[in-house]
Each structure stands twice: as C-alpha cells, then as structure tokens.
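Per-entry structural report
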Number of protein chains: 2
Amino acid sequence: MERRKVKILSTGKYLPKQRVTAKELGSRLGIPESWIEKKSGVMVRHFVEDETASYMGAIAAQNALELGGLCLGDIDCIIATSAVPEQGIPCTAALIQKQLGGGDSGIPAFDINSSCLSFIVGLDMASYLICANRYQRILLVASEIATNGLNWEDKESCTLFGDGAAAVIVTPTGLNENSHILTANMETYSKGAHLTECRGAGNKYHPQEYGENPQYFQFRMDGRAVYRLSAAVLPDFMQRLLKSCELHLTDIKMVIPHQASLMAMRLMSKQLHLPPEKVMVIAHNHGNTIAASVPMALHEAIVQGKISRGDRILLLGTSAGFSVGGIVLEY
Amino acid sequence: MERRKVKILSTGKYLPKQRVTAKELGSRLGIPESWIEKKSGVMVRHFVEDETASYMGAIAAQNALELGGLCLGDIDCIIATSAVPEQGIPCTAALIQKQLGGGDSGIPAFDINSSCLSFIVGLDMASYLICANRYQRILLVASEIATNGLNWEDKESCTLFGDGAAAVIVTPTGLNENSHILTANMETYSKGAHLTECRGAGNKYHPQEYGENPQYFQFRMDGRAVYRLSAAVLPDFMQRLLKSCELHLTDIKMVIPHQASLMAMRLMSKQLHLPPEKVMVIAHNHGNTIAASVPMALHEAIVQGKISRGDRILLLGTSAGFSVGGIVLEY
C-alpha cells in the first residue's frame, strides 16, 4: 500500500462547561461512587448545559485553527465525523460551518458516519482528497452529545458516556517533513448490526412513535456479544493492518483506541498484547465520547507530549455496524 | 483538474409496492387532483408498505449487481448516500450489507450525508478511492423513505415526495474504455442552513420531546428563500464547473438534476438556460425521493436509452445546508 503524504497539522478539543464526577453522578442515580469506578472507570465526564454539538465542534475547530496558524478562509472542506447528527436535516458539517461564521464562505461541508469509527473513516477518506490535490486543508470535526440519548435506568451505560468535541486539520505533507498515513483499513460484519443500536430516530421509527415505544429511541448494547465479536475479529484485523505497512507492534509508539470504557480497553489491550504504556487512555476523565473519543485522545496525546512528530501511531476502534477500523500514521 | 478514470459500471432501482396516484392522494387529503398536478406535478409516487430503507436499498443493489454481472463478493466497499438514515445507530450501509446477506463479509460499510446531495458527494468521494486503488468496485446506495417524516397538514410538501432506492456500482475505467469523471464540485452556504430542516431526531431535540413539540420532528422548508439562494448561487456554480473541465453546455448530452419538484426544475432550467430535452425528469412519476432522486434519474436515463456510453452528462443538485453540487462525467 502506498504511503499517503498527509499531515495532521493541528488538533483542537472542547469539553462542555458542566463537569460531573462519579461521586455526583452516583448520588444523582443512587449508586455508590465505587460501583461506577469499578464498572466504567469514568471518574469525571462533562455534560452539555446549553451547548449544541455544532457549538462545541466550532470551538474545537477554532482551537485547531489557532494551533495551526490558520483562519477559516484557509479551510477548503469541512467534514463532520460524529456518530449522531445535531439535527435530522441538514448535515452537521453545515451547522458547524455556520457556527464558525462561514455562512457565505461556500466551503463544502458534509458528514461521514460509521458510528464510533466516523473519525477514523473520515480521516482515511480525507487523506485521498488531499493526495489527489482536491483539497489543501480539510477540517474534520467530531462532536457528540451522548447525554441526550442515554437510558438513565441502565446504570452501566449512563455512567460511561460523556459529551465533547474534537477537531483535526489535515494538509499535504511539506517538503522535508515526515508525516504520512502508512496504511488504513476498515471491515464491517453486519451480523452484529443489531448488537449495538438505537433503532429509532431514522426513517424506520419516527419520533411520533416515542410515546408508545420509548425503548426504540434509546441506545442499547449487548456488551457480551459485542465483546465476543470483537475478540474474534480485532486481533487478526490488527495483524493484517500492521503487515500491510510492514511494521510490528514494537514499531508503534502509541495506540490511540476508541475509548469505549476502561474495561473494554483493558480487554482489548490483552487481546492485542498491548503494553499499558502504549495505550492512550482518556476515558477516566472524559468518558466515552462516541466518535469524538479518538480525535480527543489524539489531541490529548499531542498536548501531553506523549507523541511527537515522526512517531508512528495507530488509531484503532470498533463501532456499531459491527465494524473495526484502524489507521497507522507517522505523526 | 485531472480526469478521473472511473466508470459507472451499472445501476439499479427499487420502487415500493404501493403506487399512489395524484387522484388517490387528493381524495385522501381532500384536495383536487388538478391542484396536485399544478403545484407539484407529481402524478404518481410510491409509498412503502412494509419495506425498510435497507430492504429497498438491497433490492436496488441486487439489481445493479446483476446488470453489472457481479455478486456481492466482488464488492469491496459499500457507501450509503441517503439523506435520512434507517436507524439512529448503526449507519445505513451496515444494514444494507446485512440485507444483502453479507453479514460475515467484512466489506467496509459507511454513510456519507449531505442531504439531497449525498449521492453526488458520495460518487465524488468514491471516485478518489477507485483512482487511488483503495477499492476496485464500490457500491453506492441511496434509499429514502420520505413518507415517514412528512407533515400531512402541509399539502404542498406531502404531495411532492415519494419513497424509493437506487444503487450505482463504480469501478476503474478499463483499457479502451472512455468513461471518466471530468470534474466535480460542491459549495455550502450555511447562511441557508435553517431554510430547509428537520430540527429534531438528532442530539439537539431527542424524540422524547415529540409530545411537546411535534413540529421539531417534521420537515420544514422556506421554499421562497431557498429559491432565492439557489438563483443567486447555482448559475455561477455551473459556469465554474463547466469551465473547470473546459466544456460548454452544448457539450453536455443530458443534465440529471435533483428532482426537487417539477416547478423547481423548470425554474432551474430557466436560470441555467437548459433546453427541456436535455433535462432528465422522473419527478412526475416518482416524486421527490430526496437523495435517491439523482441516482434513480440516472438509472432511468440509462434504461430509457437517453444516455449511452461516452455521452457527457451533468449530475446537478442543491440540498439542505444550503449546498450546491455537481459532477460532469463521460458515462
């Protein structure tokens, strides 16, 4: 597979104003902090107050623009990579463009969706647009409000998720620069399509059915079955991914996984023989922020100095679908 | 701009079982057939009975596979390009893969969304994946159930829409073949983001709010304002698009527009100085099938013999966002 001359120029992040500890959430739900610590490991997450997904996405994008020394006028494509859109219509990327003040800009804006893998697939797609010279500076934004769709009766899932946004700007690799996408892959096994789902809110079950069937509009997951499917698919997937760029796990500085839960990441690390120090974890103080979790973790890895230019990193995740996806890149 | 060696190998279409005439719909709604004829011009549309979007998409895809002499195992990527997903989670492409019997296939499946332009943007993106040799045979599927979200009090919009699906398979252009994508472009002007919208069903207004605010979950459009914005943007957009591939309108055999409504297409043809015989129209007997309308019209243009291999065609549309998009290709 050919190396793609694509560089992650800069990243940005936004966390909602309302910071909620496991202790606070526990007393709200009538469960002990220690139960949350054991089950999800999420000790702090942020919940939106009045923030919308496009507002959060725009702040994260501004952050990335500033760190990249750019302004909105330098961006020639906006791709929203959230699992859940802000509105039924139009796409979230258009709403983010509006929040950024680009209403007259004409910058093309569209969404890519593969649930929790949306950012990984979006970055993969964007890289081809950069390489083909279609666009020069693409802004990817993942912004998620998980709290709106949670089932507060299901203590396990509602103590796991958090809201937030991240943005990433990609550009062509400059002369004398070493940033590359080395390989990327995605596989979808739809035998698991209904293991993780929210059946409603699309054209199958219209919100008018909410009164009769509220459960259609809640997130639902058969965690045990997803784990089994992931265990059957992920190790081989990663082996093939590394083989396609002729690397070994020892060549990878940091794995940046989807922050499904602390337990899920521990199980994944075990399956893939990843030493803990190579796994970027932000779930403990961010929660699972759905498709925003990978770019938020990437941003944190950069900001915390855990990765530097030239380091080889692996973005890796699973999603509803059931899909697995990964990108190996030289940062 | 470089010509992309991408060929539309085959197309397929599915219309729901329930065929509804303007007369039948008029008597259901208590309005005369002539009013519908004058306002929307849609004399026949199809409504789903028990069909789901993924079911319709899978039948259209089977149709395209058969016409292309392929089976599912030949497909290496599935992209759903509908404006509205079937479920909140997972993406529609995974559900289509499942309907096609590909549950164990691993074929990557994800969605691209830019409302009514989703297919045009999806085809544009897919072409880069083909050119870069990432995938060899990509299946694009647009499948829409408009009827589920309509406001039956709004006679103008509810007499306009129809349900249906189309599928398109793209491959690299073979030796001695002349199929190419000559150019493509998209522009988003989000000052018009709220002129066409369904505010609910995403993370802004959860379906649990349906009881209090049903209007949030209905499609709403300020037709006059959209027309003004379209008139201001579309003619220049098309001029630039043709200029970028050094063609004139006279070089184009057929324009395949988004089938917004008969009136919208007449106004668009006038704005763009398109002679009626160059404009592919299926709205009169299909209705506006949202993002499925362009690939359905493309399929009909091929099946009806209105375009042949080597003909230059222009796919063109506007969408909520507000966006305009177009692709010039040699079929």
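Criteria and cut-off values
- Residues numbered from 1 in each chain as written.
- Chains lettered and ligands numbered in written order.
- Predicted model: local features only at pLDDT ≥ 70, side-chain atom pairs only at ≥ 80, totals over all residues.
- Helix = DSSP H or I, 4+ residues; strand = E, 2+ residues; numbered from the N terminus.
- Rg over C-alpha atoms; globule rule 2.2 N^0.38 Å.
- Buried ≥ 20, exposed ≤ 12 C-beta atoms within 10 Å, placed from the backbone.
- Contact = placed C-beta atoms within 7 Å.
- Least-squares fit on C-alpha atoms with pLDDT ≥ 70 in both.
- Domains from an automatic or database assignment.
- Nonpolar A, V, L, I, M, F, W, Y, C, P; charged D, E, K, R; others polar.
- Core = buried A, V, L, I, M, F, W, Y, C linked by C-beta atoms within 7 Å.
- Pairing = 2+ DSSP bridges.

1. Considering the overall build of chain A
When you go through chain A residue by residue, the secondary structure sums to ten helices and 13 strands. Rg of the C-alpha trace for chain A: 19 Å, near the compact-globule value of 20 Å for 331 residues, within the 12% margin. Dimensions of chain A, computed from C-alpha atoms along their principal axes, come out at roughly 55 × 50 × 35 Å. Out of the 331 residues belonging to chain A, those deemed buried represent 60%. In chain A, the proportion of contacts linking residues at least 24 apart, taken out of those at least 6 apart, comes to 76%.

2. A closer look at the relation of the copies chain A and chain B
For the pair chain A and chain B, the superposition axis carries a translation of 0.0 Å, the fit reaches an RMSD of 0.0 Å, and the rotation angle comes to 180°. Taken together, the turn and the small shift mark the pair as related by a two-fold rotation axis.

3. Points about the domain arrangement of chain A
All names here are of chain A. In terms of domains, chain A is made up of domain 1 (6–172) and domain 2 (180–330). Placing the centre of domain 1 and that of domain 2 at their C-alpha centroids yields a distance of 15 Å. Tallying the contact residues gives 41 residues for domain 1 and 37 residues for domain 2. Among the elements of the structure, strand 1 (6–14), strand 3 (44–47), helix 5 (118–131), strand 6 (138–144) and strand 7 (164–172) are those that each provide at least two residues to the side of domain 1 that touches domain 2. Sorting elements by how many residues they give to the side of domain 1 that touches domain 2 places helix 5 first, with seven residues. Looking at side-chain class alone, the side of domain 1 that touches domain 2 contains 20 nonpolar, 16 polar and five charged residues.

4. Examining the environment of Met 280 of chain A
Residue and element names in this part refer to chain A. Position of Met 280 relative to the elements: it lies in the loop between helix 8 (262–271) and helix 9 (283–286). Along the chain, Met 280 and Tyr 14 lie 266 residues apart, while their C-alpha atoms are 18 Å from each other. Non-local contacts of Met 280, meaning those with residues more than four positions away in its chain, are made with Met 254, Val 255, Ile 256, Ala 297, Glu 300, Ala 301 and Lys 306.

5. Thoughts on the nonpolar core
Judged by nonpolar contacts, the single largest core of 222 residues is most densely connected at Leu 140, Val 141 and Val 170 of chain A together with Leu 140, Val 141 and Val 170 of chain B. Excluding its chain neighbours within four sequence positions, the residues that come into contact with Val 141 of chain B are Gly 57, Ala 60, Ala 61, Ile 78, Ala 80, Thr 81, Ile 96, Ala 165 and Ala 167 of chain B.

6. Focus on the interface of chain A and chain B
Counting residues at the interface gives 65 residues for chain A, matched by 65 residues for chain B. At the level of elements, helix 4 (92–99), strand 5 (109–113), helix 5, strand 8 (180–188) and strand 9 (196–197) of chain A are the ones that each hand at least two residues to the side of chain A that touches chain B. When the residues that make up the side of chain A that touches chain B are grouped by side-chain class, the tally is 32 nonpolar, 23 polar and ten charged. Relative to strand 5 (residues 109–113) of chain B, strand 5 of chain A is paired through three bridges, and the arrangement is antiparallel. Its bridge partner being in strand 5 of chain B, Ile 112 of chain A is matched across the sheet by Ile 112 of chain B.

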